Amino acid sequence: MKRFFLFFSMVIFLASCNDDAARRCGDGVLNGTEACDGAELNGATCGSLGAGDGTLGCATDCTFDLAGCAGLCGDGILNGAEACDGDQLGSASCGSLGAGDGTLGCAADCTFDLGGCAGLCGNGVVDEEAGEACDGDVGTPDCAALGLRPGAGTPSCTGQCTLDVSGCGGRCGDGVIDAEAGEVCDTTNLDGNDCGTVGSGVGVLRCSDTCTFDVGYCHLPCGNGVVEAGELCDTLNVQGATCRAEGFFTGTPACSADCQSLDNATCKNGAVVDAGLGFICMGLSDGTARCWGSNNHGQLGNGSTSESHVPVTVTGLGQVAQISGGSVSSCALLTDGTARCWGSNSGSLGDGTMTDSDVPVVVQGLTGAVQIGVGWAHACALINDGTVKCWGGNHYGQIGDGDTQWRTTPVTVAEISTAVQLSVGDSHNCVVLADGSARCWGSNQTGTIGDGTTVDRFAPVAVTGLSGVVNITAGEESTVAIMQDGTLMAWGYNSIGQLGLGYNGEQLTPAAVPNLTDVVQVAIGGQHWCVLLGDGTVHCMGSNGYGQLANPVTYSASHVPAVGLPDDIALVTAGSHTTCAMHNSGDEIYCFGDNYFGTLGNNSTTNSNVPVLVLP
């Protein structure tokens, strides 16, 4: 009985325990493993549980209910007020949010990130990356900003966030002329207009990017003297171009008939050059002549007696074939066989007077001349029939007609009928005859005649032992002949060995000049002389006190090269203390030596022992 009672009592106790457990969750009392019970939260809050702000609740199973909490953003669990958390987006998408296609994302603050969506047209924000041109009234430009003309309306934004420009006028650049919008042309559409119709002459009319006429390529007709767009020049207006820059000695190029190119037909090169005493004269390729240097007797022929340090034009000449400078006068042979002379007149101008002239005068009675030369006070011309005529001073019989009477007009030299070349020295003259022999006459005090004596000759005499001559040069007090083999024979004044013979003392008959071959021209100055060789080089010898040898030597008893000249010289000439050489193209003339009167033609009076260019 006692055992039964004990068993019964245990049954009653266990049953009582099961009923208490059922009552504990929800009884508002924390029991056992309950996290909470009803309002009893055991002091816990949303914050203490790491669920942010809000109101913590207790679920019916006595566990914490976080629904009233703000949530724990970043834990990947949607809690409280979170729109999303990590990959947890709920059921949201770009489309469900009205943001078009794309991939919806979750931002770090657990709000939706629409960056991957195509855009939300209509939200009032222009999403250019989404292709929106506008959005509602936002970002809608006016017609002008779109390159359109004002029209009846204004641009508007469509429901697809694109611009509707139907309310604007035409677009400049569409090829359609919108006259109401002020367009007069559009791209290549000129409405039939050209430069002429818009009053801008000729050329190419274009349309600007504002649909107005661009006349920048129009110009007044070629020939008005104004260089317009598309023209290189116009008549005399060549925009400062010079023949010098075009590779000629002097002149100004003309403009072509179409104003598109320069015409060099008016450009001039040097043709002939000859040195006088302190001055130089040259004939140009157009038949005109220039002189520069000393001019005390008008020997420059420009109508004045003022020296010039640059070339000046000789006035009143026709077509010049040859020019010659003497001591204080000059002469030019014209292509018609007549001659003009100017400067000091001891009868040497040949005009029948002894009056100086600073402009050219006609040599009376001279026709058929083919060569001319001027000396100290006289002049001579070779005639096309092989005869020679001379005029002027006749102190030493240099007129050659048998006496010493001065002549103011040309007279025929005695006993010369087959002359082929003439050279006039200071006071004596020489010719080469058709048979290769030579004749000289005039002053002979230093043996310049070459007949073995020092007796002046009033008529031509044969140069002793000389044959095979191709050219002869009469200088101040000496004479040099070029032989058929290109060697030289020299005679005359040789007090300091200036003839290059290797010894001093007058040479009364021709003697061979050693160490010179292939000579094509000889130029004799005061106490120096130069030769031009077949290879275009120049060699000089003698006195060099003014730099007239273009070589650093003080004096040379044999020929030395003229340093600083190009190797293609065509002509050399020598004055008293000056030497000049012309390039074979005639575009450059070089001078060196004495420059007291501006004889070098480089606009200075400074001597130069190196060649300087004569200015145009």
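Structure: see above.
From a predicted model like this one, the values you see are computed outputs, not experimental measurements. (Residues numbered from 1 in each chain as written. Predicted model: local features only at pLDDT ≥ 70, side-chain atom pairs only at ≥ 80, totals over all residues. Heavy atoms only, no water.)

### Some details on the overall build of the protein chain
Assigned secondary structure in the protein chain consists of 1 helix and 40 strands. A compact globule built from 616 residues would reach a C-alpha radius of gyration of about 25 Å, whereas the protein chain, at 57 Å, exceeds it by more than 25%. Taken along the three principal axes of its C-alpha coordinates, the protein chain extends 200 × 70 × 40 Å. Relative to all contacts within the protein chain whose residues are 6 or more apart in sequence, the contacts with residues 24 or more apart total 37%. In the structure as shown, the protein chain presents an accessible area of about 27600 Å², 52% of it carried by carbon and sulfur atoms. Positive and negative side-chain charges in the protein chain, numbering 15 and 65 respectively, have mean positions lying 5 Å apart. (Helix = DSSP H or I, 4+ residues; strand = E, 2+ residues; numbered from the N terminus. Rg over C-alpha atoms; globule rule 2.2 N^0.38 Å. Contact = heavy atoms within 4.5 Å. Areas by Shrake-Rupley, 256 points an atom, 1.4 Å probe, with all protein chains shown as cover. Lys, Arg positive; Asp, Glu negative; His and termini not counted. Charge placed at Lys NZ, Arg CZ, Asp CG, Glu CD.)

### Observations concerning the sheet that holds strand β27 (residues 438–442)
Strand order across the open sheet formed by 4 strands is β25-β26-β27-β28, with antiparallel pairing between neighbours. The strands lining the two open edges of the sheet, one partner per strand, are β25 (419–424) and β28 (457–462). Ignoring strand direction, the axes of neighbouring strands in this sheet form an average angle of 15°. Pairing of strand β26 (residues 428–433) with β27, which is carried by 5 bridges, proceeds in the antiparallel orientation. (Pairing = 2+ DSSP bridges. Axes fitted to C-alpha atoms, helices over the stretch in contact; angles between N-to-C directions.)

### So, the sheet that holds strand β32 (residues 507–512)
Across the sheet, 4 strands lie side by side as β29-β30-β31-β32; this open sheet has antiparallel pairing. At either margin of the open sheet sits one strand with a lone partner, and together these are β29 (469–474) and β32. Shown here is a sheet whose adjacent strand axes are inclined to one another by a mean of 15°, direction ignored.

### Overview of the environment of N595
Within the fold, N595 resides in the loop between β39 (589–593) and β40 (608–613). Through-space distance from the C-alpha of N595 to that of H577 is 8.8 Å; in sequence the pair is 18 residues apart. For N595, the residues in contact, after removing those within four places along its chain, are L600, G601, N602, S604, T605, T606 and N607.

### Here's the deal with the pattern of salt bridges
This structure, assessed with the given rule, holds 4 salt bridges. Note that D401 is salt-bridged to R407, the shortest N-O span being 2.5 Å. Exposure remark for D401: the relative accessible area of 22% places this residue in the partly exposed category. A salt bridge links R407 to D403; the shortest N-O distance between them is 3.0 Å. (Salt bridge = Lys/Arg side-chain N within 4 Å of Asp/Glu carboxyl O. Buried < 20%, exposed > 50% of the residue type's maximum accessible area, 1.4 Å probe, protein only.)

### A few points about the packing of aromatic side chains
In the structure shown here, the tally under the stated rule is 1 aromatic pair. Taken together, a centroid distance of 4.9 Å and an interplanar angle of 90° make the contact between Y596 and F597 edge-to-face. When the ring centre of Y217 is taken as reference, the NZ or CZ atom of R206 above it lies at 4.0 Å. (Phe/Tyr/Trp six-rings, centres within 6.5 Å; stacked < 30°, edge-to-face > 60°. Lys NZ or Arg CZ within 6 Å of the ring centre and 35° of its normal.)

### Here's the deal with the nonpolar core
Core analysis: the largest hydrophobic core is formed by 16 residues, its most contacted members being L488, V519, V522, W529 and V531. Every element with two or more residues in this core is listed here: β30 (478–483), β31 (488–492), β33 (519–524) and β34 (528–533). In contact with V531, other than residues within four places in its own chain, are L488, L516, V519, Q521, V522, T537, V538, H539, H559 and V572. (Core = buried A, V, L, I, M, F, W, Y, C linked by side-chain atoms within 4.5 Å.)

### Topic: unusual backbone geometry
For E415, which is not a glycine, the phi torsion comes out positive at approximately 60°. Within the secondary structure, E415 sits in the loop between β24 (407–412) and β25.

### With respect to the state of the cysteines
Such a bond, covalent and formed between the sulfur atoms of two cysteines, is termed a disulfide. In total, this model carries 14 disulfides according to the counting rule given. Note on cysteine connectivity: C331 is disulfide-linked to C341, with sulfurs 2.0 Å apart. In this structure the cystine formed by C331 and C341 twists about its S-S bond by roughly 110°; its chirality is therefore right-handed. Remark: C341 occurs in strand β19 (residues 339–343) and C331 occurs in strand β18 (residues 329–334); sequence separation between them is 10 residues. On the basis of relative accessible area, C331 is assigned to the buried category, the value being 0%. (Disulfide = S-S within 2.5 Å.)

### A short note on the pairing of β27
In terms of residue burial, β27 counts as a mostly covered element, since 4 of its 5 residues are buried. Turn length for the β26-β27 hairpin, with the two strands adjacent in sequence and antiparallel, is 4 residues, and the turn residue G436 shows positive phi of about 85°. As paired strands, β27 and β28 are joined by 3 bridges and run antiparallel to one another. Considered in β28, the bridge of C440 is made with V461.

### A word on the side chain of D587
Along the chain, D587 turns up in the loop between β38 (578–583) and β39. A distance of 3.3 Å separates the side chain of D587 from the side chain of H583, its partner in a polar contact. There is a polar contact of 2.3 Å between the side chain of D587 and the side chain of S585. Residue contacts for D587: discarding those within four places in its chain leaves R244, G247, F248, F249 and N269. (Polar contact = N/O pair within 3.5 Å; in protein donor to acceptor, adjacent residues only side chain to side chain.)

### Comments concerning the environment of C84
As for its placement among the helices and strands, C84 is situated in the loop between β2 (64–65) and β3 (105–106). With a relative accessible area of 0%, C84 lands in the buried category. The spatial distance from the C-alpha of C84 to the C-alpha of D109 is 8.9 Å, given a sequence separation of 25 residues. Those residues in contact with C84 that lie beyond four places of it in its chain are L78, L89, C106, A107, C110, T111 and F112.

### Describing the side chain of S208
When you line up the elements, S208 lands in the loop between β8 (206–207) and β9 (213–214). In this structure the side chain of S208 is engaged in a polar contact, spanning 2.8 Å, whose partner is the side chain of T212. With sequence-adjacent residues up to four places away left out, S208 is seen in contact with C185 and D214.

### Topic: the environment of T235
With respect to the helices, strands and loops of the structure, T235 is situated in the loop between β10 (218–219) and β11 (254–255). Beyond its immediate sequence surroundings of up to four residues, T235 is in contact with G223, G225 and C255.

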